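# Structural features, examined
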Amino acid sequence: MKYKILTWGCQMNIHDSETIAGILQNMGYSPADTLKEADVIILNTCCVRENAERKVYGRIAQLKQFKLRNPNLILAVSGCMVQQPHVVEYISEKLPYVDILFGIKNVHKLPELIENARQAEFPVVEVMESSEIKENLPIERMDNSRAWVTITYGCNNFCSYCIVPYVRGREKSRLPEDIISEVEALAKEGFIEINLLGQNVNSYGKDLEKPVAFHELLRRVNDVEGIKRIRFLTSHPKDLSDELILTMKECEKVCEHIHLPVQAGSNRILSKMNRKYTREHYINLIKKLREAIPNIAISTDIIVGFPGETEEDFLDTLNLVKEVEFDLAYTFMYSKRKGTPAAEMPDQIDDDVKKDRLNRLMQVQDAITAKKNMELKGTVQEVLVEGISRGKIKKLSGRTRTNKVVNFDGGRDLIGKLVNVEITEPHTWSLLGRII
Ligand code: SAH
Ligand code: SF4
Ligand code: F3S
């Protein structure tokens, strides 16, 4: 029996798919190369923006033919979309050829759900609200050198535009000893890069019976022998402490990169977004980070067209982008999410205004990204080789400690290893280099 998992959304979801795969492998399933070969297809979904949901619905519609051709095929939908009651209702009624709807916290029940679905005439639904996944579930990791390790589940921040706290539940930290023993086991298996995951890693440990700060956890991960690189995702500007900046500076394994979503450059909009920091606070953080770690790369997320955003507010964002000079920015048009406060706010912005602002923002940022990359020409960078590049010309592809993609010629035997690469030709989205 074979399975195929399709995943949308953030790194958390991608990591959840590794758990789904682990459970299916334990049941004796093996991965299918194509959808056609699969006996079970699982869609692990995202609902952070309407676009994400639309893609999933498109896929479900397409898979109907697969079900018609092969009635024994089990089609399951999981992930954040399923945590919304209106989605469960819609799929159960309008797309009843879906066999299973399960919340990610119910993933340990998958064997039972598949068994039930083989007998049931209607979709089997199992969506629990609790905010944590069981410990010690099997994980089938997709990479042999880089591993993702969850440190907190859920989110307590309730940014007014965001659906994540509603679908992922309240913030819950894993015990430091569970995290460290997972990292130690990974190091023994030969993993060299650890990516710590949470919606807001900076608030890690505050909810524990014996509170532990994120920077303390980071030092403990840094002490694990065999690990060469540590990254973490995502940081919230309101909780980023001076101790964390010092820890990043002092811990040699912590990479010189931080993803620090700013979302907007206007204090009026930041306040309506419920982000709990100001533009000035954010810019000051950037200053402190760069003072402590001069070559640090900084990436961000930005939303344009939040309800009530005026041209002036948008120009504040544009100016912040010019002032900070991010290495990379993920830019989004605001998308209305049912049940969030921003969806009910007056002065929703027209799509063409959002598009126009997005284009202007991207133009400014692309030039900055290109400029930043140009500065790397001639430098030698440590690269962790991830695999073969996606372009037409087959090259090795990997990332610098500052999280920039580098493509270069070399043998497959280098995959999973650290190599030194001289940057010969920087481009906007990647760098070309030569192994030295
Ligand atoms: N916890 C992380 C990431 C959450 S989702 C954080 O706080 O940064 C990833 C990004 O999606 C967010 O940073 C935000 O920029 C974007 N996003 C979230 N909700 C959105 C919405 N309703 N419309 C547009 N973009 C959104
Ligand atoms: Fe969403 Fe804000 Fe939580 Fe990030 S911190 S997941 S943007 S509510
Ligand atoms: Fe999407 Fe859920 Fe992640 S909504 S962004 S997959 S937490």
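Within any chain, residue numbers begin from 1 and follow the written order of that chain's sequence. By the order in which they are written, chains take letters starting at A while ligands take numbers starting at 1. Residues qualify for local features only when their pLDDT is at least 70, as the model is predicted, and side-chain atom pairs are given and counted only at 80 or more; totals for whole chains, interfaces and linings, by contrast, use all residues. Here the side-chain values reflect all heavy atoms present in the structure, with hydrogen atoms and water set aside.

## A few points about the overall build of the chain
Worth spelling out the cut-off: The secondary structure listing takes helices from DSSP runs of H or I that are at least 4 residues long and strands from runs of E that are at least 2 residues long, numbered from the N terminus. This radius of gyration counts C-alpha atoms alone. The globule rule is 2.2 Å times how many residues there are, raised to the power 0.38. With a 1.4 Å probe rolled over the protein chains alone, any residue whose accessible area is under 20% of its type maximum counts as buried; one over 50% counts as exposed, and the rest are partly exposed. The Shrake-Rupley method, run with a 1.4 Å probe sphere, supplies the accessible areas, and residue values consider only the shown protein chains as cover.
Scanning the chain from terminus to terminus reveals 12 helices and 19 strands. The C-alpha radius of gyration computed for the chain amounts to 22 Å, which stays within 12% of the reference 22 Å derived for 436 residues, consistent with globular compactness. Based on the C-alpha atoms only, the size of the chain along its principal axes is roughly 60 × 55 × 50 Å. Taking all 436 residues of the chain together, the buried fraction comes to 55%. Accessible surface, the chain: about 19900 Å² in total, of which carbon and sulfur atoms supply 50%.

## Side note on the sheet that holds strand β10 (residues 193-197)
Which entries qualify depends on this criterion: Two strands pair under a simple rule: DSSP has to find at least two bridges between them. Lines are fitted to the C-alpha atoms to define the axes, a helix being fitted only along its stretch in contact, and any angle between axes, read from their N-to-C directions, falls within 0 to 180 degrees. The contact criterion used throughout is that any non-hydrogen atoms of two residues lie within 4.5 Å.
With parallel pairing, three strands are arranged side by side in an open sheet as β7-β10-β11. The open sheet is flanked by β7 (146-150) and β11 (229-233), the only strands paired with a single partner. Each strand of the sheet is rotated relative to its neighbour by a mean of 20 degrees, with strand direction disregarded. For β7 and β10, the ladder comprises five bridges, and the chain directions are parallel. Bridge pairing in β10 places valine 149 opposite leucine 196. Across the face of the sheet, helix α6 (residues 176-189) comes into contact with β7 and β10 while running at roughly 170 degrees to β7.

## Some details on the sheet that holds strand β14 (residues 328-333)
In a beta sheet, neighbouring strands are held together by backbone hydrogen bonds and run either parallel or antiparallel to one another. The strand order β12-β13-β14 describes an open sheet built from three strands, whose pairing is parallel. Among the strands making up the open sheet, the edge pair consists of β12 (257-259) and β14. Within this sheet the neighbouring strands show an average axis-to-axis angle of 10 degrees, counted without direction. Pairing geometry for β12 and strand β13 (residues 297-304), over three bridges, is parallel. Across the sheet, histidine 257 pairs through a bridge with alanine 297, a residue of β13.

## Notes on the site of ligand 1
Keep this limit in mind: Consider each residue's heavy atoms; a residue with any of them within 4 Å of a molecule or strand counts as near. As used in this structure description, the phrase polar contact means that two N or O atoms lie within 3.5 Å; if the pair is within protein, one of them must be able to donate a hydrogen and the other to accept it, and residues adjacent in sequence are counted only when both atoms belong to side chains. Domains are outlined according to an automatic or database domain assignment.
Ligand 1 sits among 15 residues. The nearest are Arg49, Gln199, Gln263, Asp301 and Ser335. Contact distances for ligand 1 include 3.0 Å between a nitrogen atom and a backbone N or O atom of tyrosine 161. In this structure, aspartate 301 approaches ligand 1 through a side-chain N or O atom, which is 2.6 Å from an oxygen atom. Surface burial for ligand 1 is 90%, taken as the share of its 540 Å² of free accessible area covered by protein chains. Elements with a minimum of two residues in the shell around ligand 1: β13 and β14. Here the shell around ligand 1 spans two domains, and each of domain 2 (143-255) and domain 3 (262-375) adds at least three residues to it.

## Some thoughts on the pairing of strand β4 (residues 74-79)
The line we're drawing: Handedness is read with the strands pointing away from the viewer; a crossover is right-handed when the path from the first strand over the helix to the second is clockwise.
Counting buried positions over the six residues of β4 gives six, a clear majority of the element. Here β4 shows a buried face lined by Ile74, Ala76 and Ser78 and a second buried face lined by Leu75, Val77 and Gly79. Across six bridges, strand β3 (residues 40-45) lies against β4 in parallel orientation. Across the sheet, isoleucine 42 pairs through a bridge with alanine 76, a residue of β4. Considered for its hand, the β-α-β crossover made up of β3, helix α2 (residues 50-69) and β4 is right-handed. Pairing geometry for β4 and strand β5 (residues 100-102), over three bridges, is parallel. If you follow valine 77 over to β5, its bridge partner there is leucine 101. Regarding the hand of the β-α-β motif, the stretch spanning β4, helix α3 (residues 85-94) and β5 is right-handed.

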